[in-house]
Amino acid sequence: MKHIIHADLDAFYAAVEQLDNPELLGKPVLVGGRPENRGVVATASYEARQFGVRSAMPMRTAVRNCPQGIVIAPRFTRYREMSRRVMDIFRSFTELVEPLSLDEAYLDISAAVNQAEGRWPLGVALELKRRVKDETGLTVSVGVSVSKSVSKIASDLDKPDGLVVVPPGDEPGFLAPLPVGKLWGIGPKTAERLKSEGIDTIGILAAQPPDWFARVFGQRAESVRQRAVGLDDEPVHTERVTKSVSSETTFPNDLSDRAELRRVLEALADGVAGSLERKGLQGRTVTVKMRLADFATFSRQTTLPAPSSDAAPIRETAWRLLAAELTPGRSFRLLGVGVSNFAEANAVRQLSLWEYGLTTEAAKSADDN
Ligand code: TTP
Ligand code: MG
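Conventions adopted
Residues numbered from 1 in each chain as written. Chains lettered and ligands numbered in written order. Predicted model: local features only at pLDDT ≥ 70, side-chain atom pairs only at ≥ 80, totals over all residues. Heavy atoms only, no water. Phe/Tyr/Trp six-rings, centres within 6.5 Å; stacked < 30°, edge-to-face > 60°. Helix = DSSP H or I, 4+ residues; strand = E, 2+ residues; numbered from the N terminus. Core = buried A, V, L, I, M, F, W, Y, C linked by side-chain atoms within 4.5 Å. Buried < 20%, exposed > 50% of the residue type's maximum accessible area, 1.4 Å probe, protein only. Contact = heavy atoms within 4.5 Å. Donors = N, O, S within 2.8 Å, 3.2 Å for Na, K, Ca; no water. Tetrahedral: all angles 85-135°; square planar, octahedral: opposite > 155°, others 65-115°. Axes fitted to C-alpha atoms, helices over the stretch in contact; angles between N-to-C directions. Parallel < 35°, antiparallel > 145°, perpendicular 65-115°, else oblique. Nonpolar A, V, L, I, M, F, W, Y, C, P; charged D, E, K, R; others polar. Pairing = 2+ DSSP bridges. Domains from an automatic or database assignment. Buried area = accessible area lost by both parts, 1.4 Å probe. Salt bridge = Lys/Arg side-chain N within 4 Å of Asp/Glu carboxyl O. Polar contact = N/O pair within 3.5 Å; in protein donor to acceptor, adjacent residues only side chain to side chain. Expected span 1.5 Å × (residues − 1).

## Observations regarding the packing of aromatic side chains
Here the structure, examined in full by the defined rule, presents eight aromatic pairs. Here Tyr 13 and Tyr 79 contribute two aromatic rings whose centre-to-centre distance is 4.2 Å and whose plane-to-plane angle is 10 degrees, an arrangement assigned as stacked. Taken together, the residues Tyr 13 in helix H1 (residues 12–20) and Tyr 79 in helix H4 (residues 76–93) connect sequence positions 66 residues apart. Ring pairing ties together the aromatic residues Phe 12, Tyr 13, Phe 76 and Tyr 79, which thus form one cluster.

Rendered as structure tokens:
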């Protein structure tokens, strides 16, 4: 039996700001872009959440709801540094750590658990929380169970500084009263649709017959059904398959000059082309990421006529995407270039010889198209 922890730091950016400036402790902190620049909230401290402030809310609305809120510009370098320290603590418990974002990871703690010797999952979780607190000053919410999907839901239920353990066998009962939208893979649209059929809790969902699942979820039917009863056995992935290659840079001063933006963008494109070349990858989709002076962050992407790792088409395409966003007075804090949607041939090249033998025919016909 596996034991999986899902750990998620509390109000991460805001907590780091409170840590670095103790005067902010206990106060409503809003990290994000300035209201006068049409900025949005990246995150809010729990003190500010009492006033209804949420991530992705316009800062103007946040400040209206919470006038005493202290608005702070994000410091991404500092957050990355704190993230690295927390992930290092996680890795001292197990090598099997799968980070999902800067502030969130799965840990397979099976090897650290030995119930005969009194090392229970609960004990490991408490130790993890204590060490993160002692060594970084941050609080982390933790969910513990035998599966990734249940642990992820559990870590969110008792925030902040939460700890929820779901003992083996209790999964269906734990999940049953929760809204269907809590399940991984059920987005707001699907949740609405299920609700209109009278299915609003995971328990009601889990009780549907197999042909209903097949009709509603098609190929995903079995995996959704398993997650609804807490029975997924997804392993913790420590290494991820490369799905995209990208490079980005934040400017010391915001940039608005067209020629200068183009120069920076092309240098990024060249860097990405170089690393695609080194990795033997060719991609079809080019993405440009932009962050404006007010921290609004968005991206634009387009597809090349053929997969490539050459600098020229990546540069050209990236510039076309950026040029369409340039308007007088608009200035940029950050630019990034990414390439994804890799050609099939790369995947085949990375397969073992044995698998290669089985798939050469398929790969050939894919190449011919
Ligand atoms: P979350 O873990 O979603 O949020 P959180 O850590 O701030 O709060 P919680 O206690 O509910 O976990 O995201 C982690 C960080 O990612 C967050 O501190 C800021 C950033 N973020 C954004 O920049 N924009 C967003 O819309 C969200 C959701 C997060
Ligand atoms: Mg968090």
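## Thoughts on the nonpolar core
Ile 5, Phe 90, Leu 107 and Leu 138 are the most contacted members of the largest nonpolar core, which has 34 residues in total. Looking at this core, the elements that each hand over two or more residues are strand E1 (4–9), H1, strand E2 (29–32), H4, strand E6 (104–108), helix H5 (121–136) and strand E7 (140–145). Sequence-distant contacts of Ile 5, defined by excluding residues within four places in its chain, comprise Ala 105, Tyr 106, Leu 107, Ile 109, Val 124, Ala 125, Leu 128, Val 142, Gly 143, Val 144 and Ser 151. The next biggest cluster of nonpolar side chains, apart from the first, holds 29 residues, and it includes Ala 273, Ala 318, Leu 321 and Leu 326.

## So, the coordination of the magnesium ion (ligand 2)
On the protein side, the magnesium ion (ligand 2) has Asp 8 (OD), Leu 9 (O) and Asp 103 (OD) as donor atoms, found 2.0 to 2.3 Å from it. If you look at the magnesium ion (ligand 2), its six donor atoms make angles of 80 to 179 degrees with each other, and the shape they trace is octahedral. For the magnesium ion (ligand 2), all donor residues lie on one chain, and their spacing in sequence is D-L-x93-D. Each member of the pair, Asp 8 as well as Leu 9, is classed as buried.

## Observations concerning the packing of H1 against H4
Following both chains from N to C, one finds H1 and H4 inclined at 95 degrees, their axes separated by 10 Å at the closest point. Judged on the interaxial angle alone, H4 and H1 are roughly perpendicular. Contact residues: H1 offers Phe 12, Tyr 13, Val 16, Glu 17, Leu 19 and Asp 20, while H4 offers Phe 76, Arg 78, Tyr 79, Met 82 and Ser 83. Classifying every residue of the contact of H1 with H4 by side-chain character gives seven nonpolar, one polar and three charged.

## Points about the environment of Leu 281
Here Leu 281 is to be found in the loop between helix H12 (258–279) and strand E10 (283–292). When the C-alpha atoms of Leu 281 and Val 166 are compared, they prove to be 42 Å apart, with 115 residues separating the residues in sequence.

## Observations regarding the sheet that holds E6
Two modes of strand pairing occur in sheets, parallel and antiparallel, and in both the strands are linked by backbone hydrogen bonds. The strand order across the open sheet built from five strands is E5-E6-E1-E7-E8, with neighbouring strands paired in mixed fashion. The strands lining the two open edges of the sheet, one partner per strand, are strand E5 (97–101) and strand E8 (163–165). Pairwise comparison of adjacent strand axes, ignoring direction, gives a mean angle of 15 degrees for this sheet. Direction of pairing for E5 relative to E6: antiparallel, over a ladder of four bridges. Within E6, the residue paired with Pro 99 across the bridge is Ala 105. Set on the sheet, H5 makes contact with E1, E6, E7 and E8; between it and E7 the angle comes to about 165 degrees.

## Regarding the domain arrangement of the chain
According to the domain assignment, the chain contains domain 1 (1–168), domain 2 (172–228) and domain 3 (244–347). Look at where the C-alpha atoms of domain 1 and domain 2 centre, and you get two points 27 Å apart. Facing eight residues of domain 1, the contacting portion of domain 2 comprises six residues. Of the roughly 620 Å² buried at the junction of domain 1 and domain 2 (both faces included), carbon and sulfur atoms supply 84%. The three residues of domain 1 that bury the most area against domain 2 are Ser 149, Ile 153 and Leu 157, which together make up 64% of that side's buried surface. Our count for the contact surface shared by domain 1 and domain 2 stands at one salt bridge. Here Asp 156 makes a salt bridge to Lys 182, at a shortest N to O gap of 3.5 Å. If you look at where domain 1 meets domain 2, you find zero residue pairs in polar contact (both at pLDDT 80 or more). If one sorts the elements of the side of domain 1 that touches domain 2 by residue count, helix H6 (residues 148–156) sits on top with five residues. Of the residues contributing to the side of domain 1 that touches domain 2, the split by class is six nonpolar, one polar and one charged.

## Thoughts on helix H13 (residues 311–323)
The terminal C-alpha atoms of H13, which comprises 13 residues, lie 18 Å apart, in line with the 18 Å expected from a rise of 1.5 Å per residue. What H13 keeps buried is the set Ile 314, Thr 317, Ala 318, Trp 319, Leu 321 and Leu 322. Those residues of H13 that are buried are in contact with H12, E10, strand E11 (297–308) and strand E12 (332–342).

## Some details on the pattern of salt bridges
Counting across every chain of the model gives 23 salt bridges. With its nearest N and O atoms 2.8 Å apart, the salt bridge here joins Lys 159 to Asp 10. Taken together, the positions of Lys 159 in the loop between H6 and E8 and Asp 10 in the loop between E1 and H1 put the pair 149 residues apart, joining distant regions of the chain. Using a relative accessible area of 23% as the deciding quantity, one classes Lys 159 as partly exposed. Here Asp 10 falls in the buried class, since its relative accessible area comes to 4%. One continuous salt-bridge network, built from bridges that share partners, spans Glu 17, Asp 20, Arg 75, Arg 78 and Glu 81.

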